[in-house]
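As a plain string of letters, each chain reads:
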Protein chains: 2
Amino acid sequence: MSHDFDDAVRLVPLGENRYTGATHPAYANMVGPYGGVTTAAMLNAGLQHPERLGDPIAMTVNFAAPLADGAFEIEARPVRTNRSTQHWTFQLRQSGDVAVTATAVFATRRETWSATEAVAPADMPAAAALERMPATGAGPQWPRRYDMRFPPGEAMRLDGIEQAQARSRLWVRDDPPRPLDFAALASLCDCFFPRIYIRRGRPVPIGTVSMTTFFHADAAQLAEQGGRHVLGVARALTYRNGYFDQSAEVWSDSGQLMASTHQMVYYRE
Amino acid sequence: MSHDFDDAVRLVPLGENRYTGATHPAYANMVGPYGGVTTAAMLNAGLQHPERLGDPIAMTVNFAAPLADGAFEIEARPVRTNRSTQHWTFQLRQSGDVAVTATAVFATRRETWSATEAVAPADMPAAAALERMPATGAGPQWPRRYDMRFPPGEAMRLDGIEQAQARSRLWVRDDPPRPLDFAALASLCDCFFPRIYIRRGRPVPIGTVSMTTFFHADAAQLAEQGGRHVLGVARALTYRNGYFDQSAEVWSDSGQLMASTHQMVYYRE
């Protein structure tokens, strides 16, 4: 039996640079699909493209219109291929209209001097010591596709009480577990609840307009991580007149920085 | 007399969605132009487009190939215009080849609940109390177009001594001073020296492959800032097998967060 994630990002080639796919009910959001899985489907068009060079280094996805449930078409164009880097543009269309645009940089990596300045949270309890956020009740489907475990006091509380800041941490993996790869990591980078919900203590209408992910892990690190929980840390810098940013880091369970991600989100009220 | 920056980002319309411009010697980098001014020229195609809606919210620029000194052509396409948001794709070509791709989201903002979580550096000496980094000697032209003032101990030292971390702060403005606008802010967001130079205490071959900027300021805040110094804070998370990230925040001199920016940079060695 295939994993719902693989079904959700599966594409059928339609000829040069064109692929078709469809939204999947398991990853439904309040309106249309979870943005992470749309991101992963677009990335997947590059990953399975016959002209692909290397692995993802950076990707930006712009959500121009809500997706309707159903089929979509993705154009994935390798606009420039150099010796070790490849630049992509993507468009996702439904009924002929552009709903999502994206760009990506792929590259082959070589071993170089390496160092990490960011520091993984030191006092995070182990995933096994924390309870999974309940995957039941009302609300959209997609959070049930992730096993999320927040340390005490950091789970999202929609209790109407405004918080002074929105930083939070969690352990997260696909549920059921699935070996981590670039598409799954790209999707997971959108799993952090909107910081404005945490900050304001209640949901407000929101929608991501642009999301950028930097892939620090290579394929070997992803394979080493397998299906175990990764550690996410998310925060926001500012909320101002209809738009806020949020950033997150994703760490392997052995303390390697796997990805960093940044988005601008529309909000109302 | 016009400002070199305005000359460097000036575009001539060529018909539907097409503009031509040229690199400017005042903003030359080691090879081709400073990436910030290329970013600003591409953004400018959207800013002066007859179908423009609102102001920039987010922009991602991907540097696919080095620019040659001389003319370029920019295609700026408003791929989707909604009620309050507009999504753009850009391509910059030289001799028919794609050298840079970009996307942007523009939007009209409305007054909403607003708050800032990020905290501006509290112990930064005033710009007037710091000496300007010398704008003379060898090296590329573009840093001379910025008046940069680092606090003691935070100027880039290329003394061959490896540093434990690469965080640094500076006051920066165009030189000669020029009222801040979206194009100038987009350009300034690329002025932070490569974190790997600071970390390793020496230059190594580098090139930005992708850069994302989030615009938190609106036009009124930019006008209020005028030509005075803004405060930048830059850091990196990780350097790994040929690519590192760097992020920065840009604050007004009254403590408002104006922009945040994130890039992935290729490095060798």
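Predicted model only: the values in this text are computed from it and were never measured. (Residues numbered from 1 in each chain as written. Chains lettered and ligands numbered in written order. Predicted model: local features only at pLDDT ≥ 70, side-chain atom pairs only at ≥ 80, totals over all residues.)

Student: Explain the overall build of chain A to me, and be specific about the residues and the numbers.
Tutor: Scanning chain A for helices and strands turns up five helices and 14 strands. Since a compact globule built from 269 residues should have a radius of gyration of about 18 Å, the 18 Å found for chain A is in line with a globular shape. For chain A, the spread of C-alpha atoms along the three principal axes comes to 50 × 45 × 40 Å. Expressed as a percentage of its 269 residues, the buried residues of chain A come to 48%. For chain A, long-range pairs separated by at least 24 residues make up 70% of all intrachain contacts whose partners lie at least 6 apart in sequence. (Helix = DSSP H or I, 4+ residues; strand = E, 2+ residues; numbered from the N terminus. Rg over C-alpha atoms; globule rule 2.2 N^0.38 Å. Buried ≥ 20, exposed ≤ 12 C-beta atoms within 10 Å, placed from the backbone. Contact = placed C-beta atoms within 7 Å.)

Student: Outline the pairing of strand β9 (residues 168-174) of chain A, supporting the account with residue identities and numerical values.
Tutor: Residues and elements named next belong to chain A. With seven of seven residues buried, β9 is to be regarded as a mostly interior element. As judged from the four bridges shared by strand β8 (residues 146-149) and β9, these two strands associate in the antiparallel manner. If you follow Met148 over to β9, its bridge partner there is Val172. By the bridge criterion, five bridges tie β9 to strand β11 (residues 230-235) in an arrangement that is antiparallel. Paired with Arg169 across the two strands is Val233, which belongs to β11. (Pairing = 2+ DSSP bridges.)

Student: Lay out the relation of the copies chain A and chain B with the relevant residues and their values.
Tutor: Rotating chain A by 180 degrees and translating it 0.0 Å along the rotation axis places it on chain B, where the RMSD comes to 0.0 Å. Seen this way, the second copy is the image of the first under a two-fold rotation axis. An overlap of 100% is found between the interface residues of chain A and their copies at the interface of chain B, pointing to a shared contact surface. (Least-squares fit on C-alpha atoms with pLDDT ≥ 70 in both.)

Student: How would you sum up the interface of chain A and chain B? Please name residues and give values.
Tutor: Taken residue by residue, the interface counts 51 residues in chain A and 52 residues in chain B. In the side of chain A that touches chain B, the residues fall into 20 nonpolar, 20 polar and 11 charged. In this structure, strand β12 (residues 238-240) of chain A lies alongside strand β7 (residues 115-116) of chain B, joined through two bridges in antiparallel fashion. Bridge pairing links Tyr239 of chain A to Ala115 of chain B in β7 of chain B. (Nonpolar A, V, L, I, M, F, W, Y, C, P; charged D, E, K, R; others polar.)

Student: Please provide a residue-by-residue account of the confidence of the model for chain A, values included.
Tutor: Within chain A, residue pLDDT values average 97, and 100% of them lie at 70 or more. Under the prediction, the complex receives an ipTM of 0.98, its pTM being 0.98. (pLDDT = per-residue confidence, 0-100.)

Student: Just give me the short version of the nonpolar core, but keep the residues and values in it.
Tutor: Grouped together as the largest cluster of nonpolar side chains are 153 residues, with contacts concentrated most on Met42, Ile74 and Leu185 of chain A together with Met42, Ile74 and Leu185 of chain B. Aside from chain neighbours lying at most four places away, what touches Met42 of chain B is Val61, Ile74, Phe90, Leu92, Val100 and Ala102 of chain B. (Core = buried A, V, L, I, M, F, W, Y, C linked by C-beta atoms within 7 Å.)

Student: Outline unusual backbone geometry, listing residues and values.
Tutor: Note the cis peptide between Asp175 of chain A and Pro176 of chain A, where omega equals 0 degrees. Structurally, Pro176 of chain A is set in the loop between β9 and α3 (182-188). The phi torsion at Asn17 of chain B lies on the positive side, around 65 degrees, for a residue other than glycine. Examined against the element boundaries, Asn17 of chain B turns out to sit in the loop between β1 (12-15) and β2 (18-22). Located in the positive-phi region is Glu269 of chain B, a residue other than glycine, with phi close to 95 degrees. Mapped onto the elements, Glu269 of chain B comes out in the segment after β14 (257-267).

Student: How would you summarise the pairing of strand β6 (residues 97-107) of chain B if you had to cite specific residues and measurements?
Tutor: Residues and elements named next belong to chain B. Of all 11 residues in β6, nine are buried, a share of seventy percent or more. Of the strand pairs in this sheet, strand β3 (residues 55-63) and β6 are connected by eight bridges, and their pairing is antiparallel. The residue of β6 that forms the bridge with Phe63 is Val100. Note that strand β5 (residues 85-94) and β6 share 10 bridges and pair antiparallel. Bridging across to β6, His87 finds its partner in Val105. Between β5 and the antiparallel strand that follows it, β6, lie two residues; Ser95 among them carries a positive phi value of about 50 degrees.

Student: Please set out the environment of Thr89 of chain B residue by residue, giving values where relevant.
Tutor: Assignment of secondary structure puts Thr89 of chain B in strand β5. With 24 C-beta atoms counted inside 10 Å, the residue Thr89 of chain B sits in the buried group. Sequence spacing of Thr89 of chain B and Ala104 of chain B is 15 residues, and the spatial spacing of their C-alpha atoms is 6.6 Å. Other than its neighbours up to four places away in sequence, Thr89 of chain B contacts Thr101 of chain A together with Arg77, Val79 and Thr103 of chain B.

Student: Describe the environment of Ala122 of chain A, naming the residues involved and giving the relevant values.
Tutor: Mapped onto the fold, Ala122 of chain A is located in the loop between β7 (115-116) and β8. In this structure the C-alpha to C-alpha distance between Ala122 of chain A and Gly255 of chain A, which are 133 residues apart in sequence, comes to 9.6 Å.

Student: Go over the environment of Phe192 of chain B, please, and point to the residues and values.
Tutor: Residue and element names in this part refer to chain B. The topology assignment puts Phe192 in the loop between α3 (182-188) and α4 (195-200). Judged by the 27 C-beta atoms lying within 10 Å of it, Phe192 is buried. Excluding residues that lie within four positions of it along the chain, Phe192 makes contacts with Gly232, Ala234, Gln246 and Ala248.

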